[in-house]
Amino acid sequence: MQIYGIKGKMCTFAYQKHRIMNKKIYKYLLSSLCVAVMALAFSGCSKSGNFKVSGQISGTDNETIKVQTSYHGRWITIDSVKTDSKGSFKYVRQAPESPEIYRLQVGKAEIYVPIDSVDNITVEAQKLENGVILYTLSGSDDALSMNSIDALTIEMRGATEERRAEIKKELSKMLLANPAGNAAYYLLNKQVDGKPIYDVTDASDVKIYGAVANAYSTKRPNDPRTPLIVTTFLQNRRVNLDNIVARDTIEASEVRIIEVELPDENGEKQSLTEVTSHGKVVLLNFTIYEAEDSPEYNKILSNLYEKYKSKGFEIYQVGLDVNPAAWKLSAKNIPWITVYDESGTNSRYVRSYNVGVVPLSFVVDRNGEISARIVDQSLLEAEIKKHI
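Thresholds, definitions, all that
- Residues numbered from 1 in each chain as written.
- Predicted model: local features only at pLDDT ≥ 70, side-chain atom pairs only at ≥ 80, totals over all residues.
- Heavy atoms only, no water.
- Helix = DSSP H or I, 4+ residues; strand = E, 2+ residues; numbered from the N terminus.
- Buried < 20%, exposed > 50% of the residue type's maximum accessible area, 1.4 Å probe, protein only.
- Contact = heavy atoms within 4.5 Å.
- Areas by Shrake-Rupley, 256 points an atom, 1.4 Å probe, with all protein chains shown as cover.
- Pairing = 2+ DSSP bridges.
- Axes fitted to C-alpha atoms, helices over the stretch in contact; angles between N-to-C directions.
- Expected span 1.5 Å × (residues − 1).
- Arc of directions from axis to C-beta.
- Salt bridge = Lys/Arg side-chain N within 4 Å of Asp/Glu carboxyl O.

Q: How do you make sense of the overall build of the chain when you look at a structure like this?
A: Looking only at helices and strands, one finds eleven helices and 19 strands in the chain. Buried residues in the chain amount to 48% of all 388 residues. Taking the contacts inside the chain whose residues are at least 6 apart along the sequence as the reference set, 60% of them involve residues at least 24 apart. When the accessible area of the chain is evaluated, it comes to approximately 19,300 Å², of which 48% is carbon and sulfur surface.

Q: Help me out: how do you make sense of the sheet that holds strand β16 (residues 313-319) in this one?
A: Hydrogen bonds along the backbone pair up the strands of a sheet, which may run parallel or antiparallel. The five strands lie next to each other as β17-β16-β15-β18-β19, forming an open sheet whose pairing is mixed. Each of the sheet's edge strands pairs with one partner strand only, and the pair in question is β17 (337-340) and β19 (370-374). Averaged over neighbouring strand pairs, the angle between their axes works out to 15 degrees when direction is ignored. Both strand β15 (residues 281-287) and strand β18 (residues 360-364) contribute to a ladder of five bridges, which runs antiparallel. The partner of Leu-283 across the bridge, within β18, is Val-363. Against the sheet, helix α8 (residues 294-308) contacts β15, β16 and β18, and its axis sits at roughly 155 degrees relative to β16.

Q: What exactly am I supposed to notice about helix α3 (residues 161-177) here?
A: An α-helical turn contains 3.6 residues, so a residue and the one three or four places further along point in the same direction. The end-to-end C-alpha separation of α3 is 24 Å, in line with the 24 Å expected for 17 residues at 1.5 Å each. Turning to α3, its buried residues are Ile-167, Leu-171, Ser-172 and Leu-175. All buried residues of α3 lie within an arc of 145 degrees about the axis, which places them on one face of the element. Turned more than 90 degrees away from the buried face of α3, the exposed residues are Glu-162, Lys-169, Lys-173 and Ala-177. Those residues of α3 hidden inside the fold are in contact with α2 (141-156), α4 (182-188) and α5 (205-219).

Q: So what exactly am I meant to see when it comes to the environment of Gln-56 here?
A: Turning to its location among the elements, Gln-56 is positioned in strand β3 (residues 50-58). Gln-56 sits in the partly exposed class, given a relative accessible area of 30%. Taking the C-alpha atoms as reference points, Gln-56 and Lys-86, separated by 30 residues in sequence, lie 7.6 Å from one another. If near-sequence neighbours (up to four positions away) are discounted, Gln-56 is found in contact with Lys-86, Gly-87, Ser-88, Phe-89, Val-123, Glu-124 and Ala-125.

Q: Looking at this structure, how should I read the pairing of β19?
A: Successive residues of a regular strand alternate their side chains across the two faces of the sheet. The buried count for β19 comes to four of five residues, which makes it a mostly enclosed element. Across four bridges, the pairing between β18 and β19 is antiparallel. In the sheet register, Phe-362 faces β19, and the bridge partner there is Arg-373. In this structure, the hairpin formed by β18 and β19 is closed by a connection of five residues, where Gly-368 is found at a positive phi of approximately 80 degrees.

Q: Even after reading the chapter, I still don't get the pattern of salt bridges, so can you show me in this structure?
A: In a structure, side chains of opposite charge can pair up when their charged atoms sit close to one another. Overall, the coordinates contain twelve salt bridges when judged by the stated rule. We note a salt bridge from Glu-306 to Lys-309, for which the minimum N-O separation is 3.7 Å. For Glu-306, a relative accessible area of 47% translates into the label partly exposed. We classify Lys-309 as partly exposed; its relative accessible area is 41%. Across the salt bridge formed by Lys-307 and Glu-381, the nearest N and O atoms sit 2.6 Å from each other. Of the two residues, Lys-307 is situated in helix α8 and Glu-381 in helix α11 (residues 380-385); the sequence distance between them amounts to 74 residues. Taking the relative accessible area as the measure of exposure, Lys-307 reaches 48% and is therefore partly exposed. Taken together, the shared-partner salt bridges connect Glu-155, Arg-163, Glu-166 and Glu-170 into one network.

Here's what the structure looks like:
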């Protein structure tokens, strides 16, 4: 089940809409609150302003375009915009707190757009008969860089191995020129023929990944993407990583858990760092009890808990349900630590841990460091057993 993000409107009354549909489709639209008070003019909508994406996509007359954002590779629809009779469109939205990459989905094709603060990005595109979209971006340095990245990665398809290697070198130079940029993050997650250009398990590619991780942790410490970039890098370090120059390395202490402190079903605050400070292997789990597959997933956790709790295993489960009463009713029958986040999918913890799909788990080892991020439930036990 994917988490659907905020569909906000500027300087309007706060609203919250929740709809649950069968077949595992759950959309949670959470409120965005902007208070226009002169005494607080520095806060709310006026603080960050708007960004704008506009342009023309020929061949898309009166067509609806989905606006999507990414949680480390999982694309989530947050809004939509419609083209006019000439294929022109304009999309305005409150600027994000941190740089992001938005995706415009047109049919089965996509246009990727970098947004940093109050950017004004222009898209010029053409939809071909086979549904493929050719496009160029303008309006920011990141937009121009992404044009170059897309052009080079298109050339990689069908190219010889020698030419692919040459293109990859060109891409790496672009990335290392600004490893803290939005385009660097885009390139790091770019795929060609279904395979990532940079494989973090590869001894050579891990240096590139490390450069981005180091740059983001230094220059973008509050960017919600940073903890996961750093964690992914450190999880996949190889023995020969010691040969990487100092500027590409990050100390392991930087992947220690981010504190979560929330009330349990009795209203008592439970601290994640406190739970992990006793040398236990802890499974940090984000879930929504009202989700259709939640009972089945919790049954798997229950089996793991019974099997390993005597060996120093604990579960810290964060409920993101919209209905606190429903959450509490379910939580009171669960033997492990259960806490509730009233902010739901708009929670700062969701952003800090880059939670784009639930249920999602993190295995924390006995040293209080994150050892794995797990979406596939079949991998849970194997990862836990590594540290028990």
